[in-house]
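Examining the three-dimensional arrangement
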Amino acid sequence: MDISVIVPLYNEAESLPELDEWIRRVMKANNFSYEVIYVDDGSNDGSWNVIHKLADADPVHVRAASFRRNYGKSPALNTGFRLAQGDVVITMDADLQDSPDEIPGLYRMIKEEGYDLVSGYKQKRYDPLSKTIPTKLFNATARKVSGIKNLHDFNCGLKAYRHEVVKHIEVYGDMHRYIPYLAKLHGFNRIGEKVVHHQARKYGKTKFGLDRFVNGYLDLATLWFTGKFGKKPMHFFGLLGSLMFFLGFIAVIIVGAVKLYNMHTGAHYILVTDSPYFYLSLVLMLLGSQLFLAGFVGELVVRNSPKRNEYEIKETIGENFQKNEK
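Residues numbered from 1 in each chain as written. Predicted model: local features only at pLDDT ≥ 70, side-chain atom pairs only at ≥ 80, totals over all residues. Heavy atoms only, no water.

1. Section: helix α9 (residues 233–265)
In a regular helix each residue adds 1.5 Å, so 33 residues correspond to 48 Å; α9 covers 48 Å between its end C-alpha atoms and thus fits that length. Among the residues of α9, those classed as buried are P233, M234, G238, G241, M244, G248, V255 and N262. Positive backbone phi, approximately 80°, marks G266, located one or two places after α9. (Helix = DSSP H or I, 4+ residues; strand = E, 2+ residues; numbered from the N terminus. Expected span 1.5 Å × (residues − 1). Buried < 20%, exposed > 50% of the residue type's maximum accessible area, 1.4 Å probe, protein only.)

Laid out in structure tokens, this is it:
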């Protein structure tokens, strides 16, 4: 199968028939073999009934799954990734702001240009400034932290993936914003970008509020930490803890040395316990010790994890090679 199109949705009953017809028209014009996977994220507006009708009308190409309640876009995408069978997997939103006409171009970039992942870039957007300005700041931060300098729109729902990519990554929480970063952490480094057409929303209203930017930065920090120190927590906590303990210890010595010097020269001096620097030094030493112990605990957790020796193997040579051989 050439293409799997994954459409996560929540309360998009009005747009689904038009989107489905548009996708079928593009696929037929390009002679693609394909499937469309709708993942209903607990809609309450009749979206699932609409999907049933689409499946009845085209049972060969339409597949679908429905959540009992609303979980979010990341779980919906992860479910679609597990179901996808196509050589190239394309995700798009159901609100008609993503154009199915971009599918052939995305497909060619994966199959002919050798990209692992291609992200859409909505260079000209039809969103209010209250959304576009925070989005620019968010994307600038994501580029800096992830090291993927060529992407301008991490959160664009229109993306294309090589089949192997979606089978190796797990999207959870609100991590759908950072799928390119997740792919990079799994060793899929050929990440490209394609300028795509952005259309104004035709039906309904946006399902995302400003809280997504706050959550987005927290998720980015989580990904950065787990990607850099996930298998070696002592390298982070141990280093930071040792540094804080060392600074606190040196500060205590300086406080004591200053008192002894003043006593020796006959200058005015105060008790060590009357100095605020003494307590600041103790706080640094205590925090340093706790961070160091946190590193030890992290190492124990990693050591006992069943995935501690799981690594991304790109390819093997030899008939009897066992990827999971211990």
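This is not the end of the story, as more comes after the structure.
2. Brief notes about the sheet that holds strand β1 (residues 3–9)
Taking strand neighbours across the sheet as the criterion, the seven strands line up as β3-β2-β1-β4-β6-β5-β7 in an open arrangement whose pairing is mixed. Looking at the sheet topology across the chains shown, the edges are occupied by β3 (62–66) and β7 (191–195). For this sheet the average axis-to-axis angle between neighbouring strands, irrespective of direction, equals 20°. In this sheet, strand β6 (residues 159–162) lies alongside strand β5 (residues 117–121) in antiparallel orientation, the contact comprising three bridges. What sits directly across from L117, in β6, is Y161. Strand contacts of helix α2 (residues 47–57): β1, β2 (34–40) and β3, with the helix running at about 155° to β3, the strand carrying the most contacts. Set on the sheet, helix α4 (residues 103–111) makes contact with β1, β4 (88–91), β5, β6 and β7; between it and β4 the angle comes to about 140°. (Pairing = 2+ DSSP bridges. Axes fitted to C-alpha atoms, helices over the stretch in contact; angles between N-to-C directions. Contact = heavy atoms within 4.5 Å.)

3. Looking at the packing of helix α1 (residues 16–30) against α2
Running from amino to carboxyl end, α1 crosses α2 at an angle of 30°, the nearest separation of the two axes being 10 Å. In the packing of α1 onto α2, the handedness of the crossing is right-handed. Of the residues in α2, those touching α1 at L16, P17 and D20 are S47, V50, I51 and L54. Considering only residue class, the contact of α1 with α2 consists of five nonpolar, one polar and one charged. (Left-handed = near helix turned anticlockwise from the far one by under 90°. Nonpolar A, V, L, I, M, F, W, Y, C, P; charged D, E, K, R; others polar.)

4. Side note on the side chain of S119
With respect to the element layout, S119 can be found in strand β5. Judged by its relative accessible area of 0%, S119 is buried. Setting aside anything within four residues of it in sequence, one finds S119 in contact with L151, D153, L158, K159, G192, E193 and K194.

5. Comments concerning the packing of aromatic side chains
Taken as a whole and judged by the stated rule, the model has eight aromatic pairs. Ring geometry for F67 against Y71: centres 5.3 Å apart, planes inclined by 90°, an arrangement best described as edge-to-face. Geometrically, the ring pair formed by F236 and F237 is edge-to-face, given 5.1 Å between the ring centres and 85° between the ring planes. The class of F236 is partly exposed, set by a relative accessible area of 25%. (Phe/Tyr/Trp six-rings, centres within 6.5 Å; stacked < 30°, edge-to-face > 60°.)

6. A look at a nonpolar patch on the surface
Where nonpolar side chains cluster on the molecular surface, the patch consists of L243, F245, F246, L247, F249, I250, I253, I254 and V258 and spans about 810 Å² of accessible area. Examined against the element boundaries, L243 turns out to sit in helix α9. For L243, a relative accessible area of 47% puts it in the partly exposed group. (Patch = residues over 30% accessible without salt bridge, like charges linked within 9 Å, V, L, I, M, F, W, Y side chains within 5 Å. Areas by Shrake-Rupley, 256 points an atom, 1.4 Å probe, with all protein chains shown as cover. Salt bridge = Lys/Arg side-chain N within 4 Å of Asp/Glu carboxyl O.)

7. A closer look at the pattern of salt bridges
Summed over all chains, the structure comprises seven salt bridges. The partner of D93 in a salt bridge is K73, and the shortest N-O contact between them spans 2.8 Å. Linking D93 in the loop between β4 and α4 with K73 in helix α3 (residues 73–83), this pair joins segments that are 20 residues apart in sequence. You'll find D93 and K73 in the same group, each marked buried.

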